[in-house]
Structure formats: structure tokens, C-alpha cells
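In case you want the letters, here they are:
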Amino acid sequence: MTAPTLRSPDAEGLTRRRRFLVLIICCISMLVVIMDNTIVTVALPTIRDRLGASVSGLQWTVDAYTLVLASFLMFAGSSADRFGRRRVFLIGLASFGVGSLLCSLAPSIGWLIAARALQAVGGTMLNPVALSIVANTFPDRVERARAIGVFGAVSGLALCLGPIVGGALVDGIGWQSIFWINLPIVAVAIVCTLAFVPESRAPRPRRFDPVGQVLVLAVLACLVYVLIESPRLGWASPISLGLVAVVVLGLVGLLVYEPRRTDPLIELRFFRSVPFCAALVTAVAAFYGYGSFLYLNTLYLQNVRDFTALVTGLCMLPMGALIVVGAPLAGRVVGARGPRGPMVLAGVALAAGGLALTWLSPTTPLVALLGIYVLFGVFMSTVNAPITNTAVSGMPMAMSGVAGSTASASRQVGVTLGVAVSGSIVAAAMSHGGVAFTSSSHAAWWTLTGLGVVIVALGLISTTRRALDSARRAASLFDGWH
């Protein structure tokens, strides 16, 4: 293949077949990134046995990945707009592939956590950039909406396939294989990106905000470290108290510094919109619930019930199937009638599922568990579309991408906090048998019940006339911004 062949034309000159290939490439990248985290979660008990990991080591295996995603999603998006989306996308694929290879070679839990962080650096350059590539490749609004719909449906498919694929790989080959599977997919994606994906840039890219980026990373990293390590260090230890002080000072720094920026990393004017604030709180609450459920449920099924990794994945199939089927339907309902109905339904399902799990015991019938997983499937299938819709509600088109990216980062913050907090709740009981584990987990399930109630309340509050008026007033602050 010669060099001129690799030069891609502008999006307007792409054939229909070429655009379809670009969509497939972007969907595959998102499938790998989203599926990877659910695959790793199913493999955690095996990783603990093989690498001698502690409970906090398992938490960091998940949170090193989601923490980096949460911290750098918006930075990666602005970098792609400035330096070229295809270029950043290729760097992301390469970083993700190298990180996956290093994960499979990790001789200890510390090396695995470091490799997971590198993997996530690549992941930050894939999902948001892939969505930008899709939007740029389909200039027609109708075709673009269909393409983004397919792109979103693949995320549901990833959540469905992840536990099953992960379980089959762990039981059939070994825990390293959950990272090996990424390598050929990434290699094919790199070749196809060079051959078919056109380069594109934003006409007016947002400026970098290095100070804001450092503050966000410091706040999230210190907060997660306190939540994971304080059960071991002591909540009143000098290290814990010092890190809490860093979190507080970092938040104050963001509140003082960001309004002075022309292009801040976190646009504080958004927070004058009630729907936007509700979307962010809902994203954190919902994905806190999802991350907490996935983490604790995996430990319960494999450590307490002695299920294999594959059986664990199959048990979660009802939840994944509902996400695949229900997420597109929820998107249509939100588009036709607004976000209130799906958001309230999601909150009710989360509250009901959390409440049901407060009766969890080592002998809970499998049929009852599957019924609870159906509730979590309803919750996850109906919560995503309202979050995105509510976040951009009333915002000018020029700022909708920034608002949506902030909501996406909030999702990752939620998963990170869910694993950190729920893991700390059960940490002391992990070595004391199934009864102790299930009893200690009840506090985590009560938390999910409360979060479900919060989501219901936010769904009702954020869709009132007064809330929508606040969104319009917030949007007026950006008049003249292009």
C-alpha cells in the first residue's frame, strides 16, 4: 500500500460505503473500550488469586482505568479538535493496544494497575474522538442521527457481551486472555483507520486549560485514594486528612480559576441550568450504582456462591439483553416525549433493585437474583438517554458538545466512586466468609436505594417549566459564542 492511498479525502467526498466503513471502525473502538472494563470486573476474583491482590488492589484495577477516563475525556476531545481527530484516534488505539499487552504481562498487581492507567489514556482518545469522527463523516443531519444511534446501540451491546466474553476467556484460557483479545482488534482498527478514516479538525478548537486539568486530576485522584485506602490507613490518619485538604483546596481552585478562562476545562456557567446540574448528578448517581453493583455482584457470585467466571457472566445476561433492547427505545421516548418518563423509571428500577438486594444472603435463590438483574437492566437501559438529553437541554448547538462531554466524564466519576466506596464497605468482611460479606454489603445496597430515589426526584425537578427556563437563561450567557 503506497502512501498516497492512505490520504483520506474530506468527509463531503466520501462514498456511502466509505462512510459505513468509518462508522464500523469507530463502533469497534468503542466496543473494545467499554467492554474491557466489564470483562476485567468479571476477572477480578481470578486476578486476586493469581497475583495475590488485596481488596484495595482489586479496586485500583478498576478505578485506575475509570479515573483516567474521567480526568482526561475533555482534554482528549479538545486535543483531537486541534491536532486532528484521526491522528489522536490512532494514538489512542496504539496506546490502548500497548496498555493491553502490558496488562497481560503484569507480574504483580502494581504493574497491572499501572498498565490499566496506560490503557485508559488510550481509551480517552477513542470514545469521544470516535463520536466526533462519526458526526463529521455524516454531514446530513438525518444520516448523522442514524449513525449516532448505531454508535450508541453498540455501547449497550458492549455491556451485554462484556461479562459473558470475559467469563468464557477467564475460564477457558486464563485472565491474561481478556487483554490479549484487544490486540488483534486494535491492529485491524489501526490499519483500517489509516486506509478509510478522513482527517478532520474543528474550525475553532477550544484552548487548552492545563491548570484546570491538573486541578481536576488532583481532586479526583486524592478523593479516590482516600476512599480506597482509608480503611487501611485510618480515616483520621495524617495522610487521609491531608488528601481531603487537597480535595477541598482543589475544588476552591477550580471555582476561582475556571471563570477567568476564555475556554475553561469546566464551564461553570453551565451550572446555572437546573437540567444540566440534574444531568450531572444523575450521571454520577446512576453510574455509581452501576459500578457498585457490577463490582459487588461479581465478588458475591464467584466468592460466596462459588460460580465460575463464565456462569457469572451468563447470570448477568438478562441485564445486558435489556440494555441492548431497551436503550434505543428509551432514546425514542426521550426524543418524542422528553426525558422525564425514562429518568423516573430508571430511578424506580434502581431503588427497587437496591432494596431487593438488602435481603441478599449466601443462599438467595438464583431465580430471585435473575429477577433483580432484570431490574438493573431496566435501570441501565433507560437512564443514559435522559442524561445526555437533559445535559444539552436548552444549550446552544455550539456548546452542546462541551456539555455532553462533561456528562460523559461524570459517568466515569460515578463508576470510580461506586467501586471505591462499595469496595471499602465490604473490605473488612472479605476474609470472613459469605455471611459476613453479604451482611456488610447491605449498606452498599441501601445506598443504591437512596440514589434511585434521588434520580426520581431529579427527573421530576429537572423537567419543570422553571427548570427549563433556567436552561434558557444559562444558554443566553453564550450568545455570540461560535
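Residues numbered from 1 in each chain as written. Predicted model: local features only at pLDDT ≥ 70, side-chain atom pairs only at ≥ 80, totals over all residues. Heavy atoms only, no water.

### Description of the overall build of the protein chain
In step 1: For the protein chain, the count of helices and strands is 18 helices and zero strands.
In step 2: Relative to a compact globule of 482 residues, whose C-alpha radius of gyration would be 23 Å, the protein chain shows 22 Å and is just as compact.
In step 3: Each principal axis of the C-alpha atoms in the protein chain carries an extent, and together these give about 60 × 60 × 45 Å.
In step 4: Every one of the 482 residues in the protein chain was classed for burial, and the buried ones make up 54%.
In step 5: By element, 69% of the accessible surface of the protein chain is carried by carbon and sulfur atoms, the whole surface being about 19700 Å².
In step 6: Positive and negative side-chain charges of the protein chain, numbering 33 and 18 respectively, have mean locations separated by a distance of 5 Å. (Helix = DSSP H or I, 4+ residues; strand = E, 2+ residues; numbered from the N terminus. Rg over C-alpha atoms; globule rule 2.2 N^0.38 Å. Buried < 20%, exposed > 50% of the residue type's maximum accessible area, 1.4 Å probe, protein only. Areas by Shrake-Rupley, 256 points an atom, 1.4 Å probe, with all protein chains shown as cover. Lys, Arg positive; Asp, Glu negative; His and termini not counted. Charge placed at Lys NZ, Arg CZ, Asp CG, Glu CD.)

### What about helix α10 (residues 238-257)?
In step 1: When the terminal C-alpha atoms of α10 are compared, their 28 Å separation across 20 residues agrees well with the 28 Å that a helix rising 1.5 Å per residue should span.
In step 2: Buried within α10 are the following residues: Ser240, Leu243, Val247, Gly250 and Leu254. Taken down its axis, α10 places every buried residue within 80 degrees of arc, on the same side. With respect to the buried face of α10, the exposed residues turned more than 90 degrees away are Pro238, Leu249 and Leu255.
In step 3: Residues of α10 that are buried sit in contact with α9 (210-233). (Expected span 1.5 Å × (residues − 1). Arc of directions from axis to C-beta. Contact = heavy atoms within 4.5 Å.)

### Thoughts on the packing of helix α1 (residues 16-51) against helix α5 (residues 127-137)
In step 1: Where α1 contacts α5, the two axes come as close as 9 Å, and the packing angle between them is 165 degrees. Taken together, the axes of α1 and α5 lie roughly antiparallel to each other. Crossing handedness for the pair α1 and α5: left-handed. Within the contact between the two elements, α1 uses Arg19, Val22, Leu23, Cys26, Ser29, Met30, Val33 and Ile34 and α5 uses Asn127, Ala130, Ile133, Val134 and Thr137. (Axes fitted to C-alpha atoms, helices over the stretch in contact; angles between N-to-C directions. Parallel < 35°, antiparallel > 145°, perpendicular 65-115°, else oblique. Left-handed = near helix turned anticlockwise from the far one by under 90°.)

### Some words on the nonpolar core
In step 1: In terms of nonpolar packing, the biggest core is built from 93 residues, with Leu112, Ile178, Phe293, Tyr295, Phe376 and Phe379 touching the most fellow members.
In step 2: Looking at this core element by element, the count peaks at 17 residues for helix α11 (residues 274-304).
In step 3: In contact with phenylalanine 376, other than residues within four places in its own chain, are Phe293, Met319, Leu350, Gly353, Gly354, Leu357 and Leu448.
In step 4: Judged by nonpolar contacts, the second largest core, of 30 residues, contains Val33, Ala130, Ile133 and Val186. (Core = buried A, V, L, I, M, F, W, Y, C linked by side-chain atoms within 4.5 Å.)

### Let's talk about a nonpolar patch on the surface
In step 1: Taken together, the side chains of Val98, Leu101, Leu102, Leu105, Leu118 and Val121 present a nonpolar region at the surface, about 460 Å² in accessible area.
In step 2: Elements supplying a minimum of two residues to the nonpolar patch: α3 (85-105) and α4 (109-124).
In step 3: Looking at the nonpolar patch, the element that brings in the most residues is α3, giving four residues.
In step 4: In this fold, leucine 102 is placed in helix α3.
In step 5: When its relative accessible area of 41% is taken as the criterion, leucine 102 is described as partly exposed. (Patch = residues over 30% accessible without salt bridge, like charges linked within 9 Å, V, L, I, M, F, W, Y side chains within 5 Å. Salt bridge = Lys/Arg side-chain N within 4 Å of Asp/Glu carboxyl O.)

### Section: the environment of valine 244
In step 1: Structurally, valine 244 is set in helix α10.
In step 2: According to the relative accessible area criterion, valine 244 is partly exposed, its value standing at 40%.
In step 3: Considering only alpha carbons, one finds valine 244 and alanine 168, 76 residues apart in sequence, at a separation of 41 Å.

### Observations regarding the layout of surface pockets
In step 1: By volume, the second largest pocket is sized at about 630 Å³.
In step 2: Around the second largest pocket, the lining is made up of 24 residues, and of these Leu220, Ile266, Phe271, Ser410 and Val413 lie nearest the centre.
In step 3: If one sorts the elements of the lining of the second largest pocket by residue count, helix α16 (residues 397-426) sits on top with five residues.
In step 4: Residue composition of the lining of the second largest pocket, grouped by class: 21 nonpolar, three polar and no charged. (1 Å grid on protein atoms, 1.4 Å probe; cavity = no way out; pocket = protein on both sides within 12 Å on 5 of 7 lines; lining within 4 Å. Points joined across faces, edges and corners; volume = space filled by probe spheres on them. Nonpolar A, V, L, I, M, F, W, Y, C, P; charged D, E, K, R; others polar.)

### Thoughts on unusual backbone geometry
In step 1: Phi is positive for aspartate 306, which is not a glycine, with a value near 60 degrees.
In step 2: The exposure class of aspartate 306 is exposed, given its relative accessible area of 61%.

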